[in-house]
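Architecture and fold: a report
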Amino acid sequence: SDLSMKNDDVLRVELEVFRREHRDLDEAIAALNASGIADQLTLQRLKKRKLRLKDMIVQIEDRLTPDIIA
């Protein structure tokens, strides 16, 4: 998704959705680890998805944060 084509309101909504999904993945990973029966491939996929979400969150936050010239 091209961030330059989206307005700030859309980006804020997406940011909240991505943050919620990131938290949910964090909880799912923790639960799988705690269960002791975690499938390593599943854990790896969840962690990769979580990293991609984090990257998208950072990109959106950077776009929404105005440049301040010091």
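Everything below is about the structure printed above this text.
Residues numbered from 1 in each chain as written. Predicted model: local features only at pLDDT ≥ 70, side-chain atom pairs only at ≥ 80, totals over all residues. Heavy atoms only, no water.

**Here's the deal with the pattern of salt bridges**
A complete count under the given rule lists six salt bridges for this structure. The salt bridge involving arginine 49 is made with glutamate 21; its shortest N-O contact spans 3.0 Å. Placement of arginine 49 in helix α2 (residues 40-64) and of glutamate 21 in helix α1 (residues 8-35) is noted, with a sequence separation of 28 residues between them. Each of Glu16, Arg19 and Glu61 takes part in a single network of salt bridges with overlapping partners. (Salt bridge = Lys/Arg side-chain N within 4 Å of Asp/Glu carboxyl O. Helix = DSSP H or I, 4+ residues; strand = E, 2+ residues; numbered from the N terminus.)

**So, the nonpolar core**
Core analysis: the largest hydrophobic core is formed by twelve residues, namely Leu3, Leu11, Leu15, Phe18, Leu25, Ile29, Leu43, Leu46, Leu53, Ile57, Ile60 and Leu64. If you list the elements that add at least two residues to this core, you get α1 and α2. For this core, the element with the highest residue contribution is α2, accounting for six residues. Sequence-distant contacts of isoleucine 57, that is, excluding residues within four places in its chain, are made with Leu15, Phe18, Arg19 and His22. (Core = buried A, V, L, I, M, F, W, Y, C linked by side-chain atoms within 4.5 Å. Buried < 20%, exposed > 50% of the residue type's maximum accessible area, 1.4 Å probe, protein only. Contact = heavy atoms within 4.5 Å.)

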